[in-house]
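Fold and contact review
Each chain, written out:
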Amino acid sequence: APLESATKDTVSFYVHEHYLPLMETTLAGVVFVFPEYERKPGKQYLIHKQPGHAFQKALGIFSKNGESNSAFTGIHPMSVIHASVHLDNNVTVGPN
């Protein structure tokens, strides 16, 4: 779930300093973070050198139907896409 809407029963991830304020207020039960992230007492973390990738892998492992349960749909505002790229309407691009 996104950091801002996560609950104690959901998992999220932190990959960019832009989201640092959300890390202070998130209610996520577990957050995937970089090893360098300064972890706060009272929160649960899964540490990985690529937390966004690890989050997606975990979704695939725990998904009941084998499909991603990612909260991202459409084009994420933090994604980088070259101006010459054409994307169909049903494409999802997460942050990169």
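Whatever comes next refers back to the structure up there.
Residues numbered from 1 in each chain as written. Predicted model: local features only at pLDDT ≥ 70, side-chain atom pairs only at ≥ 80, totals over all residues. Heavy atoms only, no water.

**Let's talk about the overall build of the protein**
Helix and strand counts for the protein come out as 2 helices and 3 strands. Beginning at the N terminus, the succession of helices and strands in the protein can be written as β-α-β-β-α. Per-residue burial for the protein yields a buried fraction of 26% across its 96 residues. For the protein, contacts bridging at least 24 residues in sequence account for 15% of all contacts bridging at least 6. Working note: accessible area of the protein is about 6900 Å², and carbon and sulfur atoms make up 56% of it. (Helix = DSSP H or I, 4+ residues; strand = E, 2+ residues; numbered from the N terminus. Buried < 20%, exposed > 50% of the residue type's maximum accessible area, 1.4 Å probe, protein only. Contact = heavy atoms within 4.5 Å. Areas by Shrake-Rupley, 256 points an atom, 1.4 Å probe, with all protein chains shown as cover.)

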